[in-house]
Amino acid sequence: MRRLLAWLLLALGLTCGVAGALVLTVFAPADRIDVTRTGDDPGVAIVSAPGLLDLSGSDVRLGASGGKDVFLAVARADDVTAWLADAAHTEVTGVGGDLDDPTAVAATSGTGAATDPRSADIWLASASGTDSARLTWSTAADRDYADAGGVVVFAATDGTSAAPQRVSFSWAAEGRAAENPSGVPLVIAGCVLVLLGAIGALLRPRTTRPGARRRA
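In this text, all values refer to a predicted model and were calculated from it rather than measured experimentally.

**Student:** Just give me the short version of the overall build of the protein chain, but keep the residues and values in it.
**Tutor:** Of the regular secondary structure elements, the protein chain holds 4 helices and 10 strands. In sequence order, the secondary structure elements of the protein chain are arranged as α-β-β-β-β-α-β-β-β-β-β-β-α-α. Within the protein chain, the fraction of its 216 residues that count as buried is 38%. Contacts in the protein chain between residues far apart in sequence, at least 24 positions, make up 85% of those at least 6 positions apart.

Shown next as structure tokens:
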């Protein structure tokens, strides 16, 4: 009976250990939170809501594509609001869905066109390209612009043509988004069970010698 229990402990321990290892590796949360806003009618610009760039991590990787002569920039929220005025634009207001498949939450407002963004001097950082543009922004600097409503991302083309169809955000996963609390306990429990099972399997059961039984 003790041998059977030992083998059961070994099997259970190995199962827990393998499950914990899989949770920590194969099924571990993604290293980054990647969100893409895609749409056919974004207006003449796409902007993010104040505070969105600070979602997670110390920096955010930005990208824009699906347009001609793409312009991608970061600026103070108040400056972008004043520059856009009543121009038709899409605002990415947040991130929805779950961590495995996050989605961009957006709303469109305004009418009309704007001027060429390359002629403005409000950009804190910018990048441009024929078909796409990429930019990395350190969110540590955002606190310096809190009095201007924070910092937002801005994507457009020439201010009159449609904005890029795709704007992407990528944050390093931190905090709850990067945690997988069940993995380590499973591995520890597996190791303990395997150890107990191995001890039980190696110990020999006590036997009573025939002579001793007769004397008793």
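**Student:** I'd like to hear about the pattern of salt bridges, residue by residue, with values.
**Tutor:** All chains considered together, the criterion is met by 2 salt bridges. Measuring nitrogen to oxygen at the nearest pair gives 2.9 Å for the salt bridge that ties arginine 76 to aspartate 79. Its salt-bridge partner being arginine 118, residue aspartate 116 comes within 3.5 Å of it at the nearest N-O pair.

**Student:** If you had to explain the packing of aromatic side chains to someone new, which residues and values would you point to?
**Tutor:** Two descriptors summarise a pair of aromatic rings, namely the distance from one centre to the other and the angle between the planes of the rings. As enumerated under the stated definition, the model contains 6 aromatic pairs in all. For the pair phenylalanine 71 and phenylalanine 154, a centre-to-centre distance of 6.4 Å together with 70° between the ring planes defines the contact as edge-to-face. Placement of phenylalanine 71 in strand E4 (residues 70–76) and of phenylalanine 154 in strand E9 (residues 151–156) is noted, with a sequence separation of 83 residues between them. Overall, the relative accessible area of 0% leaves phenylalanine 154 in the buried class. Joined through ring pairs, the aromatic side chains of Phe71, Trp83, Trp123 and Phe154 make up one cluster.

**Student:** Which residues make up the nonpolar core, and what values go with them?
**Tutor:** Across soluble globular proteins, nonpolar side chains have a tendency to be buried as a group. Core analysis: the largest hydrophobic core is formed by 25 residues, its most contacted members being Leu53, Val60, Leu62, Leu72, Trp137, Phe169 and Trp171. Sequence-distant contacts of leucine 72, that is, excluding residues within four places in its chain, are made with Leu62, Gly63, Ala64, Ala125, Ser126, Ala127, Ala133, Arg134, Leu135, Val153, Phe154 and Ala155. Of all hydrophobic cores here, the second largest spans 18 residues; its members include Phe71, Ala114, Ala120 and Phe154.

Conventions adopted
Residues numbered from 1 in each chain as written. Predicted model: local features only at pLDDT ≥ 70, side-chain atom pairs only at ≥ 80, totals over all residues. Heavy atoms only, no water. Helix = DSSP H or I, 4+ residues; strand = E, 2+ residues; numbered from the N terminus. Buried < 20%, exposed > 50% of the residue type's maximum accessible area, 1.4 Å probe, protein only. Contact = heavy atoms within 4.5 Å. Salt bridge = Lys/Arg side-chain N within 4 Å of Asp/Glu carboxyl O. Phe/Tyr/Trp six-rings, centres within 6.5 Å; stacked < 30°, edge-to-face > 60°. Core = buried A, V, L, I, M, F, W, Y, C linked by side-chain atoms within 4.5 Å.

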